Amino acid sequence: MKFSDLQKKEFIEAGKGRQLGYAVDATISTEDGTIELFHVGGMEKLKFFGSGETPVKIPVNRILVIGKDVVLIDDAAPKD
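Residues numbered from 1 in each chain as written. Predicted model: local features only at pLDDT ≥ 70, side-chain atom pairs only at ≥ 80, totals over all residues. Heavy atoms only, no water.

## Some details on the overall build of the protein
Reasoning step 1: Scanning the protein from terminus to terminus reveals one helix and six strands.
Reasoning step 2: For the protein, the N- to C-terminal ordering of α and β elements is α-β-β-β-β-β-β.
Reasoning step 3: Contacts spanning at least 24 positions in sequence make up 33% of the contacts within the protein whose residues lie at least 6 apart.
Reasoning step 4: Just so you have it, the protein exposes about 5000 Å², and 52% of that area is on carbon and sulfur atoms. (Helix = DSSP H or I, 4+ residues; strand = E, 2+ residues; numbered from the N terminus. Contact = heavy atoms within 4.5 Å. Areas by Shrake-Rupley, 256 points an atom, 1.4 Å probe, with all protein chains shown as cover.)

Set out below in structure tokens:
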């Protein structure tokens, strides 16, 4: 899956149903090139850092399911 495809999906905490926003950036491992964190923010699609809002960093291990329209996040795990 391309990062641009993930940017179109809304990130939602599974237990609380809280809308976190959309992926605006990612942190990539320099060792193996895998994604470590997604930077999620803004309730408008593809809103970028210039909005003044600080994105929430979501570790990849918090992702429960990547669906057709949403990414469900485990809200019990600690936030970075």
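## Focus on the pattern of salt bridges
Reasoning step 1: Counted according to the given criterion, the structure contains two salt bridges.
Reasoning step 2: A salt bridge links Arg 62 to Glu 13; the shortest N-O distance between them is 3.6 Å. Of this pair, Arg 62 sits in the loop between strand S4 (56–59) and strand S5 (63–66) while Glu 13 sits in strand S1 (residues 10–13), placing them 49 residues apart in sequence. Each member of the pair Arg 62 and Glu 13 is classed as buried. (Salt bridge = Lys/Arg side-chain N within 4 Å of Asp/Glu carboxyl O. Buried < 20%, exposed > 50% of the residue type's maximum accessible area, 1.4 Å probe, protein only.)

Take it as geometry only, folks, not as evidence of what the structure does.
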